[in-house]
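Read off the chains here:
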Amino acid sequence: MTPPTEPDMQPGPLPAPGAAPGHFVSAEPFDPAAESPGLAGGLGGAAGGQASQLRIMWIKFRRHRLALISAVFLIVMYTTLLITEFLAPYRLEDHDYTAIYAPPQQVHLFHDGSFVGPFVYGQSVTLDMVRLKRVYADDRSDVQKIRFFCHGTPYRMLGLIPGDLHLVCPAEGGRFNLLGTDRLGRDILSRILYAARVSLTIGLLGTFVAFSLGILIGGIAGYRGGWFDVAMQRTIEVIQSIPSIPLWMALAAIIPLTWSPIFVYLGITVILGMLDWTGQARAVRSKLFSLREEDYVLAAELMGARPQRIIWRHLLPGFMSHLIASASLSVPGMILGETALTFLGLGLRPPITSWGILLTEARGINIIALYPWLLWPMVPVVLVILAFNFFGDGLRDAADPLR
């Protein structure tokens with residue numbers, strides 16, 4: 001009995017005696033995308049051998065939903081740094097002495113059963129002589145409608161471009177403090193938005209300093225070895241054995257009090273970078289120890305390539321994905337370091353505003369008990385740290401070839 005044949009299949013030679021019958025060979029050209037639909041679909045319609053490393057990393061990364069959401073959140077956060085003046089209802093230096101320690105105002109849509117739109121009630125203030133605090137109460141007869149895309153206090157965008165357009169403004173003659181005010185009557189929401197510029201950028205700059213030192217020192221130690229490697233390892237061990245807070249205090253004390261705010265900002269950035277480079281240097285060193293014995297490194301040396309070219313063109317790209325993932329996990333450490341350093345009074349100083357400086361307003365237990373809205377700056381710190389950690393986990397999984 002002759003077995004059936006498919007239209008695109010042609011029978012091969014007769015099987016040998018004792019062999020299993022029914023084996024056929026296709027005469028059509030081999031198409032990996034057609035023969036492996038699961039692999040092709042997983043790579044977005046491309047064959048496995050044709051997809052670049054970056055494309056494979058992106059496909060693996062977007063499967064990590066939490067990391068993808070975190071990446072979008074971080075992009076939005078860093079984009080807002082360019083338009084802080086437009087988003088903030090008030091300027092950084094604006095204050096209202098008639099609204100000191102004012103609580104957050106609740107946004108309403110309906111007044112006496114009729115739709116009005118987003119508005120807040122005006123607030124009347126009385127003095128509580130028992131608890132020695134101001135007591136604010138909503139004045140339901142004073143309806144203050146919130147304005148959007150309105151002209152308010154003038155500003156200079158990024159200190160360069162003049163303007164007065166705001167996303168949201170209070171009513172004419174009214175005020176709008178969504179998150180309350182501080183001891184000088186300054187709007188908490190506006191100060192959080194302005195402080196994000198310092199806290200978020202100091203994390204990136206500190207990570208850049210740490211990675212520059214780590215790649216340079218770790219690369220030389222891992223490729224050259226010898227006395228330089230021994231000296232660097234002993235130096236790293238000494239630095240890592242010193243407790244962080246005393247080391248921060250010693251380095252922060254070096255910054256002169258007469259420095260301008262921008263130099264203090266750069267000084268704190270360098271301090272944070274100098275404390276974090278040791279871990280990156282050891283990671284680069286250990287990786288180069290394994291990669292420098294590969295055949296392509298020997299081939300580059302025989303062709304006369306200099307050590308600098310071998311490190312930057314051949315060795316570092318081999319584990320750059322790991323460095324990128326490590327960098328994303330180092331940024332939250334930098335942000336927390338600046339916040340802690342400033343909270344202890346050793347970091348940035350006014351008129352620079354960061355999330356750490358805003359949290360110094362809530363150091364006393366009495367302040368927290370009476371004015372809990374001063375802890376609002378803690379919320380963006382927690383959200384950004386979590387977003388960076390989830391983003392780093394997604395990058396690390398995407399860069400891992402074994403996953």
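How each quantity is defined
- Residues numbered from 1 in each chain as written.
- Predicted model: local features only at pLDDT ≥ 70, side-chain atom pairs only at ≥ 80, totals over all residues.
- Heavy atoms only, no water.
- Helix = DSSP H or I, 4+ residues; strand = E, 2+ residues; numbered from the N terminus.
- Buried < 20%, exposed > 50% of the residue type's maximum accessible area, 1.4 Å probe, protein only.
- Contact = heavy atoms within 4.5 Å.
- Pairing = 2+ DSSP bridges.
- Axes fitted to C-alpha atoms, helices over the stretch in contact; angles between N-to-C directions.
- Left-handed = near helix turned anticlockwise from the far one by under 90°.
- Nonpolar A, V, L, I, M, F, W, Y, C, P; charged D, E, K, R; others polar.
- Patch = residues over 30% accessible without salt bridge, like charges linked within 9 Å, V, L, I, M, F, W, Y side chains within 5 Å.
- Areas by Shrake-Rupley, 256 points an atom, 1.4 Å probe, with all protein chains shown as cover.
- Salt bridge = Lys/Arg side-chain N within 4 Å of Asp/Glu carboxyl O.
- pLDDT = per-residue confidence, 0-100.
- Expected span 1.5 Å × (residues − 1).
- Bend = angle between axes of the 7 residues up to and from the residue.
- Core = buried A, V, L, I, M, F, W, Y, C linked by side-chain atoms within 4.5 Å.

### A closer look at the overall build of the protein chain
- Each helix and strand counted, the protein chain has 15 helices and 7 strands in total.
- A total of 403 residues make up the protein chain; the buried ones form 39% of that total.
- Considering only contacts in the protein chain between residues 6 or more positions apart, those separated by 24 or more positions represent 64%.

### Let's talk about the pairing of strand β3 (residues 108–111)
- Two elements, β3 and strand β4 (residues 114–128), share 3 bridges in a ladder whose sense is antiparallel. Counted as the bridge partner of Phe-110 is Phe-115 from β4.
- The antiparallel hairpin formed by β3 and β4 contains 2 residues in its connecting segment, where Asp-112 sits at a positive phi of about 55 degrees.

### Re the packing of helix α7 (residues 226–241) against helix α9 (residues 261–291)
- As a packed pair, α7 and α9 sit with axes 10 Å apart at the nearest point and diverge in direction by 145 degrees. Seen from above, α7 lies across α9 with left-handed handedness. Across from Asp-229, Gln-233, Ile-236, Glu-237, Ile-239 and Gln-240 in α7, the residues of α9 making contact are Trp-277, Thr-278, Gly-279, Ala-281, Arg-282, Arg-285 and Phe-289.
- Here the residues of the contact of α7 with α9 sort into 5 nonpolar, 4 polar and 4 charged.

### Here we look at the packing of helix α6 (residues 188–224) against α9
- Running from N to C, α6 and α9 point in directions that differ by 40 degrees, and their axes come no closer than 5 Å. With respect to the hand of their crossing, α6 and α9 are arranged in right-handed fashion.
- Taken together, the residues of the contact of α6 with α9 break down into 19 nonpolar, 9 polar and 2 charged.

### What to know about the sheet that holds strand β5 (residues 133–145)
- What the 3 strands build is an open sheet, ordered β3-β4-β5; its pairing is antiparallel. Edge positions in the sheet fall to β3 and β5, since each of these pairs with one other strand and no more. Across this sheet, the average inter-strand angle for adjacent strands is 55 degrees, counted without regard to direction.

### So, the pairing of strand β6 (residues 147–157)
- With 7 bridges joining them, β6 and strand β7 (residues 161–169) adopt antiparallel strand pairing. When the bridges of β7 are listed, Cys-150 appears paired with His-166.
- Here β6 folds back onto β7 in antiparallel fashion, the turn holding 3 residues, of which Leu-158 has a positive phi close to 55 degrees.

### Side note on unusual backbone geometry
- At Tyr-101, a residue that is not glycine, the phi angle is positive and equals roughly 50 degrees.
- In this fold, Tyr-101 is placed in the loop between α5 (84–87) and β3.
- According to the relative accessible area criterion, Tyr-101 is buried, its value standing at 14%.
- Of note, Phe-149 is a non-glycine position whose phi angle comes to about 50 degrees, a positive value.
- Residue position: Phe-149 is located in strand β6.

### What to know about a nonpolar patch on the surface
- Together, Leu-82, Ile-83, Leu-158, Leu-160 and Ile-161 make up an exposed nonpolar region whose accessible area comes to about 480 Å².
- Topologically, Leu-82 is positioned in the loop between α4 (65–80) and α5.

### Notes on the confidence of the model for the protein chain
- Counting all residues, the mean pLDDT for the protein chain is 80, and 86% of those residues have values of 70 or more.
- Highest mean pLDDT in the protein chain belongs to α4 (93); lowest belongs to helix α2 (residues 37–42) (45).
- Below a pLDDT of 50 lies the segment residues 5–10, which in the model reaches 9 contacts outside its immediate sequence neighbourhood of four places, other chains included.

### Looking at α6
- Spanning 37 residues, α6 covers 53 Å between terminal C-alpha atoms, matching the ideal 54 Å at 1.5 Å per step.
- Taken as a whole, α6 carries its principal kink of about 30 degrees at Ala-195.
- Where α6 terminates, the next one or two residues include Gly-225, which has phi positive at roughly 70 degrees.

### Description of the pattern of salt bridges
- Tallied over the full model, the rule gives 12 salt bridges.
- A salt bridge links Glu-85 to Arg-197; the nearest nitrogen and oxygen atoms lie 2.8 Å apart. Highlighted residues: Glu-85 in helix α5 and Arg-197 in helix α6, separated in sequence by 112 residues.
- Relative accessible area serves as the criterion here: at 4%, Glu-85 is assigned to the buried category.

### A look at the nonpolar core
- Counting residues in hydrophobic clusters, the biggest one holds 25 residues, and the most contacted among them are Leu-200, Ile-335, Trp-355, Leu-374, Val-384 and Phe-388.
- Among the secondary structure elements, those contributing two or more residues to this core are α4, α6, α12 (320–343), α13 (355–360) and α15 (378–399).
- Residue contacts for Ile-335: discarding those within four places in its chain leaves Ser-199, Leu-200, Gly-203, Val-384, Ile-385 and Phe-388.
- With 22 residues, the next largest nonpolar core counts Val-198, Trp-248, Trp-277 and Leu-348 among its residues.

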